[in-house]
Amino acid sequence: MAFISFSLDEFRLPLFTVTDQRYRALGAWLITDVSVSYSACLDALQMIEDVANGRPLDEGWDSDKYEVSFSPDGVEFVNEWVADERGRYSLDETREAVESYWGFLVGRPENRELIREYRPDLPRWQAELLQWEERWGRPHPYRGRLF
């Protein structure tokens, strides 16, 4: 059973619910720092996968809200603006939450009034995946598994 789920509010912004309050900080990190960015979610998935497979990270997590560290022992973060919002989660817990969040992002209805320059022929998530792969010069480690 999933410990975290996501939904949209009346302004089409993400909300989360958790089955255990221990995961509250993880949900807050996802909806505020990853937010509705496919690219940020792809980065989080890649970092989890690379660390889990013993590959060094090319770059650290880039954020103006959170200090985040990925290691084989798990993911730890501290909200720099909210003193008591911090968390430490295993890679498996973080992976499950981020994979669930990716599914949520992909399932959101696209804004048909939005004009995209890069690959408007594809769904936005697919275009963002291609951009991610072009930027990093490699296939995303989740290609063939989650997408």
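Residues numbered from 1 in each chain as written. Predicted model: local features only at pLDDT ≥ 70, side-chain atom pairs only at ≥ 80, totals over all residues. Heavy atoms only, no water.

Draft legend 1. Looking closely at the pairing of strand E5 (residues 86–89). Alternating positions in E5 separate cleanly, Gly87 and Tyr89 being buried on one face and Arg86 and Arg88 remaining unburied on the opposite face. Judged from the four bridges that link them, strand E4 (residues 74–79) and E5 form a sheet pairing that is antiparallel. Bridge pairing in E5 places Val75 opposite Tyr89. Counting the residues between successive antiparallel strands, the hairpin from E4 to E5 contains six residues. (Buried < 20%, exposed > 50% of the residue type's maximum accessible area, 1.4 Å probe, protein only. Helix = DSSP H or I, 4+ residues; strand = E, 2+ residues; numbered from the N terminus. Pairing = 2+ DSSP bridges.)

Draft legend 2. Spatial organisation of the packing of aromatic side chains. Summed over the entire model, instances satisfying the criterion amount to 15 aromatic pairs. The interplanar angle of 75° and the centroid separation of 5.6 Å between the aromatic rings of Tyr66 and Phe77 together place this pair among those described as edge-to-face. Taken together, the positions of Tyr66 in strand E3 (residues 66–71) and Phe77 in strand E4 put the pair 11 residues apart, joining distant regions of the chain. No difference in accessibility class separates Tyr66 from Phe77, as the two residues are buried. A connected cluster of aromatic rings, assembled from ring pairs, spans Phe3, Tyr23, Trp29, Trp61, Tyr66, Phe70, Phe77 and Tyr89. Lying across the ring of Tyr142, Arg145 places its NZ or CZ 4.2 Å from the centre. (Phe/Tyr/Trp six-rings, centres within 6.5 Å; stacked < 30°, edge-to-face > 60°. Lys NZ or Arg CZ within 6 Å of the ring centre and 35° of its normal.)

Draft legend 3. Here's a closer look at the sheet that holds E3. Taken together, the three strands give an open sheet; going across it, the order is E3-E4-E5, and neighbouring strands pair in antiparallel fashion. The outermost strands of the open sheet, each flanked by one partner alone, are E3 and E5. Taken pair by pair, the neighbouring strands of this sheet meet at an average axis angle of 5°, ignoring direction. (Axes fitted to C-alpha atoms, helices over the stretch in contact; angles between N-to-C directions.)

Draft legend 4. Main features of helix H1 (residues 24–34). The buried count for H1 comes to nine of 11 residues, which makes it a mostly enclosed element. Just downstream of H1 lies Ser35, where phi reads positive at about 55°.

Draft legend 5. Up close: the layout of surface pockets. What the largest pocket holds in volume is close to 230 Å³. Around the largest pocket, the lining residues are Arg12, Tyr38, Arg108, Pro109, Glu110, Asn111, Arg112, Leu114, Arg116, Pro120 and Arg124. Among the residues forming the lining of the largest pocket, the class breakdown is four nonpolar, one polar and six charged. There is about 160 Å³ of room inside the second largest pocket. Lining the second largest pocket, in full, are Ala40, Asp43, Met47, Glu59, Gly60, Trp61, Asp62 and Trp136. In terms of residue count, helix H2 (residues 38–52) provides more of the lining of the second largest pocket than any other element does, three residues in total. Partitioned by chemical class, the residues of the lining of the second largest pocket number four nonpolar, one polar and three charged. (1 Å grid on protein atoms, 1.4 Å probe; cavity = no way out; pocket = protein on both sides within 12 Å on 5 of 7 lines; lining within 4 Å. Points joined across faces, edges and corners; volume = space filled by probe spheres on them. Nonpolar A, V, L, I, M, F, W, Y, C, P; charged D, E, K, R; others polar.)

Draft legend 6. Quick peek at the side chain of His140. Along the chain, the position of His140 falls in the segment after helix H4 (124–136). Only 2.8 Å separates the side chain of His140 from the backbone oxygen of Leu42, close enough to count as a polar contact. Among all residues touching His140, those that are not within four sequence positions of it are Leu42, Leu45, Gln46, Leu129, Trp132, Glu133 and Phe147. (Polar contact = N/O pair within 3.5 Å; in protein donor to acceptor, adjacent residues only side chain to side chain. Contact = heavy atoms within 4.5 Å.)

Draft legend 7. Representation of the packing of H2 against H4. Their axes nearest at 9 Å, the elements H2 and H4 cross at an angle of 55°. Judged on the interaxial angle alone, H4 and H2 are oblique. Judged by the twist between their axes, the crossing of H2 over H4 is right-handed. Taken together, the residues of H4 that come into contact with H2 (itself represented by Tyr38, Ser39, Leu42, Asp43 and Gln46) are Arg124, Trp125, Glu128, Leu129, Trp132, Arg135 and Trp136. Residues that form the contact of H2 with H4 fall into these classes: six nonpolar, two polar and four charged. (Parallel < 35°, antiparallel > 145°, perpendicular 65-115°, else oblique. Left-handed = near helix turned anticlockwise from the far one by under 90°.)

Geometric values such as these leave the question of function open.
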